[in-house]
Every structure is written in C-alpha cells, then in structure tokens.
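# Geometric and topological summary
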Amino acid sequence: MPKGRMAGTIHVLVKRRACGYARVSTEKEEQESSFDNQMRHYKEYITGREDLEYVGMYSDEGVSATSTRKRDGFNQMVQDALDGKIEISTQLLIQSGDSLCA
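Residues numbered from 1 in each chain as written. Predicted model: local features only at pLDDT ≥ 70, side-chain atom pairs only at ≥ 80, totals over all residues. Heavy atoms only, no water.

## Things to note about the overall build of the chain
When its secondary structure is counted, the chain shows two helices and three strands. Secondary structure of the chain in N-to-C order comes out as β-α-β-α-β. The buried share of the chain, taken over its 102 residues, is 27%. Taking the intrachain contacts of the chain between residues at least 6 apart in sequence as the baseline, contacts between residues at least 24 apart amount to 65%. Looking at the chain as shown, the accessible area adds up to about 7,100 Å², and 50% of this sits on carbon and sulfur atoms. (Helix = DSSP H or I, 4+ residues; strand = E, 2+ residues; numbered from the N terminus. Buried < 20%, exposed > 50% of the residue type's maximum accessible area, 1.4 Å probe, protein only. Contact = heavy atoms within 4.5 Å. Areas by Shrake-Rupley, 256 points an atom, 1.4 Å probe, with all protein chains shown as cover.)

The following block contains the structure:
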C-alpha cells in the first residue's frame, strides 16, 4: 500500500427477516384500537430499521394468552421461524402477562 493511504473498511449490512406479532385477548371494541395500534407500530418499527427486512404480520385477535394451543397466528409464526422464513419477531409489552420478544 502506498505511504500515507489507509485501506478502507467495507461494511456489509445483512438484513434479518423480521415480522410483527399482535394479540388482544378479546374482541371488545376498546381492544380493537389496541390491536390496530400494535399492528401499525410493529410494521413502522421494522420498516424504520435498516437492519431489518419486513416480511409480514402474525396476529391473534380475541384469543387468551394463557395457552398457545389456540393461538394460530403465534403458532404459524413459530413454525415459520423454525422453517427459516423469519429470523426475528418484535412484540411490545402491551398488557401484563404478555411476553416481550425480539
């Protein structure tokens, strides 16, 4: 290398495939806005990050968090993660008892 010149560093951004997961436990009208807000927030959060590629949303509306057995959206998200279709899921802590994953 010629004197006085530095080698440049090349940074390659590898985007991780990310999805959002939204859930409310009832179909009551007051939770409808929470559900819509969750969906909107997760999509905006993922698409706003350079290191993430938005691949979609999973959701369960009107389904309790006490068991994953009846949470079809959650179970599909887990299966898609196992199949390599998604690499990361982002979920906000909306209600007590919900889990936070990222």
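Moving on from the model shown.
## Let's talk about the packing of aromatic side chains
Within the structure shown, the criterion is met by one aromatic pair. For the pair Y21 and F74, a centre-to-centre distance of 5.6 Å together with 70° between the ring planes defines the contact as edge-to-face. Taken as a pair, Y21 in strand β1 (residues 16-24) and F74 in helix α2 (residues 72-82) lie far apart in primary sequence, 53 residues in all. In this structure, R71 packs its charged tip against the face of F74, placed 4.8 Å from the ring centre. (Phe/Tyr/Trp six-rings, centres within 6.5 Å; stacked < 30°, edge-to-face > 60°. Lys NZ or Arg CZ within 6 Å of the ring centre and 35° of its normal.)

## Things to note about the pattern of salt bridges
All told, the structure shown has three salt bridges when counted by the stated rule. Measuring nitrogen to oxygen at the nearest pair gives 2.6 Å for the salt bridge that ties D51 to R49. For R49, a relative accessible area of 28% puts it in the partly exposed group. (Salt bridge = Lys/Arg side-chain N within 4 Å of Asp/Glu carboxyl O.)

## Quick word on the environment of A65
Relative to the assigned elements, A65 resides in the loop between β2 (52-61) and α2. Here the alpha-carbon distance between A65 and R23, two residues 42 residues apart in the chain, equals 8.4 Å.

## Description of the environment of D60
Note on placement: D60 falls in strand β2. On the basis of relative accessible area, D60 is assigned to the buried category, the value being 4%. Linking D60 and N75, residues 15 residues apart in sequence, is a C-alpha distance of 9.8 Å. In this structure D60 touches Y21, A22, R23, V24, F35, R71, D72, G73 and F74, once residues within four positions along its chain are discounted. A polar side-chain atom of D60 sits 2.8 Å from the main-chain amide nitrogen of G73. Within the local environment of D60, its side chain forms a polar contact with the backbone nitrogen of F74, the two atoms lying 3.0 Å apart. (Polar contact = N/O pair within 3.5 Å; in protein donor to acceptor, adjacent residues only side chain to side chain.)

## Description of the confidence of the model for the chain
Averaged over all residues, the pLDDT of the chain equals 77, while 74% of them reach at least 70. Here strand β3 (residues 88-90) stands out as the least confident element of the chain, with mean pLDDT 72; α2 is the most confident, with 91. Below a pLDDT of 50 lies the segment residues 92-102, which in the model reaches 20 contacts outside its immediate sequence neighbourhood of four places, other chains included. (pLDDT = per-residue confidence, 0-100.)

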